[in-house]
Amino acid sequence: MTKKGFIFDLDGVIVDTAKYHFLAWKKLANSLDIDFTEEENEQLKGVSRVKSLEKILSWGNKTISEDQFKALMAEKNEDYLNHISKMDEDEILPDVPRVLQLLKMKEQAISLGSASKNARAILDRVNLKASFHAIVDGNDVTKAKPDPEVFLIAAKQLEVKPEDCIVFEDSVAGVEAANVANMISIGIGSTDVLGHAKYVFKDFTEISDEFITSLIEN
Ligand code: BG6
Ligand code: MG
């Protein structure tokens, strides 16, 4: 059987951590007298921690010192870590385990490809680390999505050519990164947002075993 590389983004694909990022960013923004809405949080999906804080500060028209910037980054992450420390397997999104199980049964190569520097801690919390042959996250890259670096490193670690890789992504930047990497992009979310993906599904419950098998065989 052909061996393909299946690369999963983490936040918004495997677990719904956007709600915890939202709570942590909102607390921080409000402490600086900056309003922070769910719509703004949407725009931070897939965006690195540094770039997220830069965006929030620019929305609030604030300039701060480099030291203060570092302190705020640490503060946000501490708050976020506090939220994720309470996570468990129940927070894995529906049907993700089914798809991982099927890929394992079909002896496919599986990697994580996430912008988060907390990816390993989250996989530990939800007990999924053993499902991945490679884990590439925010600690391994120098360029953030939409740069394809994270996915290209994952392909290399899996020893699969980029054109034989399939990427599951919920963010605009992530789908773009997969396309630039010459991989098959599968958007998880709405077609309105992820129309540039090769396929789009609302979530994994819409992805059939037959569809996964066709990706392996074609
Ligand atoms: C992405 C999230 O996966 O990781 C972003 O979608 C987040 O919201 C980014 O900012 C970086 O995550 P972390 O855990 O390193 O702050
Ligand atoms: Mg994501």
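Predicted model, so just to flag it, every value in this text is computed and none were measured.

A. Just the overall build of the protein, in detail. A count of helical and extended segments in the protein gives ten helices and six strands. In terms of overall size, the protein behaves like a compact globule, its C-alpha atoms giving a radius of gyration of 17 Å where 218 residues would be expected to give roughly 17 Å. C-alpha extents for the protein along the principal axes are approximately 55 × 35 × 30 Å. Looking at the 218 residues of the protein, the share that counts as buried comes to 48%.

B. Main features of the packing of aromatic side chains. One pass over the full model with this rule turns up eight aromatic pairs. An aromatic cluster is built from Phe-6, Phe-8, Phe-132, Phe-168 and Phe-204, whose rings are joined through pairwise contacts. One residue, Lys-76, lies across the ring of Tyr-80, its end atom 4.6 Å from the ring centre.

C. Examining the coordination of the magnesium ion (ligand 2) more closely. The coordination sphere of the magnesium ion (ligand 2) contains the protein donors Asp-9 (OD), Asp-11 (O) and Asp-170 (OD), at a distance range of 2.0 to 2.1 Å. In the primary sequence, the donor residues of the magnesium ion (ligand 2) line up as D-x1-D-x158-D. Of this pair, Asp-11 sits in the loop between strand E1 (5-8) and helix H1 (18-31) while Asp-170 sits in the loop between strand E4 (165-169) and helix H8 (172-180), and the two are 159 residues apart along the sequence. In this structure Asp-11 comes out as buried when scored by relative accessible area, which is 16%.

D. Structural detail: the domain arrangement of the protein. Looking at the assigned domains, one finds that the protein contains domain 1 (5-16 + 91-217) and domain 2 (18-84). Computed from C-alpha coordinates alone, the two centres of domain 1 and domain 2 are separated by 25 Å. Across the boundary between the two partners, domain 1 contributes twelve residues, which contact twelve residues of domain 2. Counting each side, the surface lost to burial between domain 1 and domain 2 is near 1,000 Å², with a carbon and sulfur contribution of 46%. On the surface where domain 1 and domain 2 come into contact, there are two salt bridges. With a shortest N-O distance of 3.7 Å, Lys-19 and Glu-91 are connected by a salt bridge. Viewed at the interface, domain 2 and domain 1 are joined by two residue pairs in polar contact (both at pLDDT 80 or more). Taken together, the residues that form the side of domain 1 that touches domain 2 break down as three nonpolar, two polar and seven charged.

E. Spatial organisation of the layout of surface pockets. Here the largest pocket is characterised by a volume of approximately 610 Å³. Taken together, 30 residues line the largest pocket, and the ones lying closest to its centre are Val-47, Ser-48, Arg-49, Ala-115 and Ser-116. The residue makeup of the lining of the largest pocket, split by class, is ten nonpolar, eleven polar and nine charged. When residues of the lining of the largest pocket are sorted by domain, at least three fall in each of domain 1 (5-16 + 91-217) and domain 2 (18-84).

F. How the structure looks around the packing of H1 against helix H4 (residues 66-84). Closest axis-to-axis distance for the H1/H4 pair is 9 Å, and the angle between their directions is 140°. By the angle between their axes, H1 is oblique relative to H4. Crossing of H1 over H4 shows right-handed handedness. Residue-level contacts link Tyr-20, His-21, Leu-23, Ala-24, Trp-25, Lys-27 and Leu-28 of H1 to Leu-72, Glu-75, Lys-76, Asp-79, Tyr-80, His-83 and Ile-84 of H4. Looking at the contact of H1 with H4 residue by residue, the class counts come to eight nonpolar, two polar and four charged.

G. Structural detail: the site of ligand 1. Neighbouring residues of ligand 1: 14 residues in total, closest Asp-11, Val-47, Ser-116, Lys-117 and Asn-118. Contact between ligand 1 and Leu-44: an oxygen atom at 3.3 Å from a main-chain N or O atom of the residue. When ligand 1 is considered free in solution it has 390 Å² of accessible area, and contact with the protein chains removes 96% of it. Here ligand 1 is seated within the largest pocket. Across the shell around ligand 1, the residue classes break down as four nonpolar, six polar and four charged. Composition of the shell around ligand 1 by domain shows at least three residues from each of domain 1 (5-16 + 91-217) and domain 2 (18-84).

How each quantity is defined
Residues numbered from 1 in each chain as written. Chains lettered and ligands numbered in written order. Predicted model: local features only at pLDDT ≥ 70, side-chain atom pairs only at ≥ 80, totals over all residues. Heavy atoms only, no water. Helix = DSSP H or I, 4+ residues; strand = E, 2+ residues; numbered from the N terminus. Rg over C-alpha atoms; globule rule 2.2 N^0.38 Å. Buried < 20%, exposed > 50% of the residue type's maximum accessible area, 1.4 Å probe, protein only. Phe/Tyr/Trp six-rings, centres within 6.5 Å; stacked < 30°, edge-to-face > 60°. Lys NZ or Arg CZ within 6 Å of the ring centre and 35° of its normal. Donors = N, O, S within 2.8 Å, 3.2 Å for Na, K, Ca; no water. Domains from an automatic or database assignment. Contact = heavy atoms within 4.5 Å. Buried area = accessible area lost by both parts, 1.4 Å probe. Salt bridge = Lys/Arg side-chain N within 4 Å of Asp/Glu carboxyl O. Polar contact = N/O pair within 3.5 Å; in protein donor to acceptor, adjacent residues only side chain to side chain. Nonpolar A, V, L, I, M, F, W, Y, C, P; charged D, E, K, R; others polar. 1 Å grid on protein atoms, 1.4 Å probe; cavity = no way out; pocket = protein on both sides within 12 Å on 5 of 7 lines; lining within 4 Å. Points joined across faces, edges and corners; volume = space filled by probe spheres on them. Axes fitted to C-alpha atoms, helices over the stretch in contact; angles between N-to-C directions. Parallel < 35°, antiparallel > 145°, perpendicular 65-115°, else oblique. Left-handed = near helix turned anticlockwise from the far one by under 90°. Near = heavy atom within 4 Å. Areas by Shrake-Rupley, 256 points an atom, 1.4 Å probe, with all protein chains shown as cover. Sits in = over half its atoms within 2 Å of the grid points.

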